[in-house]
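Below are the chains, spelled out letter by letter.
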Amino acid sequence: MAQVPSVAAALEGLVDNPIEVRPRTPGPPPFAPEPPDDDGDGDRHGDDDGHRGTSLSNARLGMLIFLGAETMFFAGLIGAFLVYRVANETWPPMSMPRLPVEVTGINTLILLYSAATMWRANRAIRLGQQQALRRMLLYTAVLGMVFLTVQGYEWVKLIGYGLTLSSGVYGATFYTLIGCHGLHVFGAVVWLCSVWLRATHQRYTATRRTGVVLCGMYWLYVVGLWPVLYGLVYLY
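Here the residue numbers are simple positions, counted from 1 along each chain's written sequence. This being a predicted model, a pLDDT of at least 70 is required before a residue's local features are given, and a value of 80 or more before pairs of side-chain atoms are given or counted; all residues contribute to the totals for chains, interfaces and linings. Heavy atoms throughout the structure, all of them, feed into the side-chain values; hydrogens and water do not.

### Examining the overall build of the protein
Step number 1: Secondary structure elements are defined from DSSP: runs of H or I of at least 4 residues count as helices, runs of E of at least 2 residues count as strands, and each element is numbered from the N terminus. Of the regular secondary structure elements, the protein holds 6 helices and 0 strands.
Step number 2: Mapped in sequence order, the helices and strands of the protein form the string α-α-α-α-α-α.
Step number 3: Within the span of the protein, comprising 236 residues, buried residues form 37% of the whole.
Step number 4: By definition in these notes, contact holds between two residues if any of their heavy atoms fall within 4.5 Å. Pairs at least 24 residues apart make up 78% of the contacts formed inside the protein by residues separated by at least 6 positions.
Step number 5: Here the accessible surface of atoms and residues is derived via Shrake-Rupley with a 1.4 Å probe, and residues count as covered only by protein chains that are part of the display. Of the roughly 14500 Å² that the protein leaves accessible, carbon and sulfur atoms contribute 65%. Exposure is judged per residue with a 1.4 Å probe applied to protein chains only, and the accessible area is read against the type maximum: over 50% gives exposed, under 20% gives buried, and values in between give partly exposed.

### Examining the confidence of the model for the protein
Step number 1: Of the residues in the protein, 76% reach a pLDDT of 70 or more, and the chain-wide mean stands at 83.
Step number 2: Confidence scores differ between elements of the protein, with helix α1 (residues 7–14) showing the lowest mean pLDDT of 46 and helix α3 (residues 101–126) the highest of 96.
Step number 3: Segment residues 31–40: pLDDT under 50, and 12 contacts once partners within four positions in sequence are set aside and those in other chains are kept.
Step number 4: Across residues 42–54, where pLDDT falls below 50, the model places 28 contacts with residues more than four positions away in sequence or in other chains. As a per-residue measure, pLDDT tells how confident the predictor is, with possible values from 0 to 100.

### Digging into unusual backbone geometry
Step number 1: Geometrically, the link from W91 to P92 is a cis peptide bond, its omega value of 0 degrees lying close to zero.
Step number 2: Following the sequence through the fold, P92 ends up in the loop between α2 (58–87) and α3.
Step number 3: Look at Q202: it is not a glycine, yet its phi comes out positive at around 55 degrees.
Step number 4: Secondary-structure assignment places Q202 in the loop between α5 (168–200) and α6 (210–235).

### A word on the nonpolar core
Step number 1: Take the buried residues of types Ala, Val, Leu, Ile, Met, Phe, Trp, Tyr and Cys, join any two whose side-chain atoms come within 4.5 Å, and each joined set is a nonpolar core. One finds L133, F174 and W219 to be the most contacted residues of the largest nonpolar core, which totals 53 residues.
Step number 2: Setting aside its immediate chain neighbours within four residues, W219 contacts L111, S114, A115, M118, T140, G144, V185, A188, V189 and L192.

### A few points about the packing of aromatic side chains
Step number 1: By convention, a stacked pair of Phe, Tyr or Trp rings (six-membered ring in the case of Trp) has centres within 6.5 Å and planes under 30 degrees apart, an edge-to-face pair has planes over 60 apart, and any other such pair is tilted. Applying the stated criterion to the full structure yields 12 aromatic pairs.
Step number 2: For the pair W155 and Y175, a centre-to-centre distance of 4.9 Å together with 90 degrees between the ring planes defines the contact as edge-to-face. Of this pair, W155 sits in helix α4 (residues 130–160) while Y175 sits in helix α5, and the two are 20 residues apart along the sequence.
Step number 3: Taking relative accessible area as the criterion, W155 reaches 24% and is therefore assigned partly exposed.

### Examining α5
Along an α-helix, residues three or four apart share an orientation, since each turn contains 3.6 residues.
Step number 1: Multiplying 1.5 Å by the helix residue count minus one yields the expected span of that helix. Between its first and last C-alpha, α5 extends 48 Å over 33 residues, near the 48 Å set by a 1.5 Å rise per residue.
Step number 2: Once α5 ends, the next one or two residues include Q202, with phi positive near 55 degrees.

### Some thoughts on the packing of α4 against α5
Step number 1: Helix axes are fitted to C-alpha atoms over the stretch in contact, other axes to C-alpha atoms as well, and angles between N-to-C directions run from 0 to 180 degrees. Two elements in contact, α4 and α5, have axes separated by 9 Å at closest approach and are oriented at 155 degrees. One element, α4, and the other, α5, form an angle in the roughly antiparallel class. For the pair α4 and α5, the crossing hand works out as left-handed.
Step number 2: Residue composition of the contact of α4 with α5, by class: 21 nonpolar, 8 polar and 1 charged. Roughly parallel here means an angle under 35 degrees, roughly antiparallel means over 145, roughly perpendicular means 65 to 115, and every remaining angle is called oblique. Each crossing gets its handedness from the near helix: less than a right angle anticlockwise from the far helix is left-handed, clockwise is right-handed. For this classification, Asp, Glu, Lys and Arg are treated as charged, while Ala, Val, Leu, Ile, Met, Phe, Trp, Tyr, Cys and Pro are nonpolar and the rest, including Gly, are polar.

### Some points on a nonpolar patch on the surface
Step number 1: The residues that make up patches have over 30% relative accessible area and no salt bridge, and they are joined within 9 Å when like-charged or within 5 Å when they are Val, Leu, Ile, Met, Phe, Trp or Tyr. The term salt bridge refers to a pairing of a side-chain nitrogen on Lys or Arg with a carboxyl oxygen on Asp or Glu at a separation within 4 Å. Together, L138, Y139, V142 and V146 make up an exposed nonpolar region whose accessible area comes to about 310 Å².
Step number 2: Here V142 shows up in helix α4.

### A short note on α3
Step number 1: Its 26 residues give α3 an end-to-end C-alpha distance of 38 Å, which sits within 8% of 38 Å, the value for a rise of 1.5 Å per residue.
Step number 2: G128 lies just past α3 and shows a positive phi near 75 degrees.

### A few points about the side chain of Q151
Step number 1: Position of Q151 relative to the elements: it lies in helix α4.
Step number 2: What makes Q151 buried here is its relative accessible area of 7%.
Step number 3: Sequence-distant contacts of Q151, that is, excluding residues within four places in its chain, are made with T104, N107, I178, W226 and Y234.

What follows is the structure, given as structure tokens:
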């Protein structure tokens, strides 16, 4: 009679290559990605000085590219102005009113001073001084509004004296070049007011200040552009 194999022997025959279970070696826990924490300023990490993986944040890089495009735009306008300016021996034409150089010079100083208040606003948020940030942002916006008000008053008087957009090349180049800058200043003032409102709710900190930084970059750009336009249009 044939010997019947036992159940244990049959089960052992089914397992030819048993799996070896190795104990887990000690080590750091698996990395869990950080969830997005964007506060609406376009940079997930804000301006945190602790994040130094890249030398330039995406938000700042985007602003620099935008300012480069703006520079090319104004370079085209300035180039067109210089072409007409050099081609005419008498500038401005005898029939056109003279531009208010003195008043605009004082207005230029007002705008330049706003660059200092904007710099102090950036310095305040780096130091975590919320009250100083709100005050400096408000001062900057007010100075920008004063600049636009004086410019608008000058334009009303010049139009009354006969200098309009249709007053030949002189009027067209003046209102196009100075008007485009005025629109940029107006947009910067609106942006400043938005940043100031957010600052009143303490939305910015020393490590999350991208909105203040980007607004400051744009404001310093429009401020730095104005002396060039003033020298070319009013003094040259």
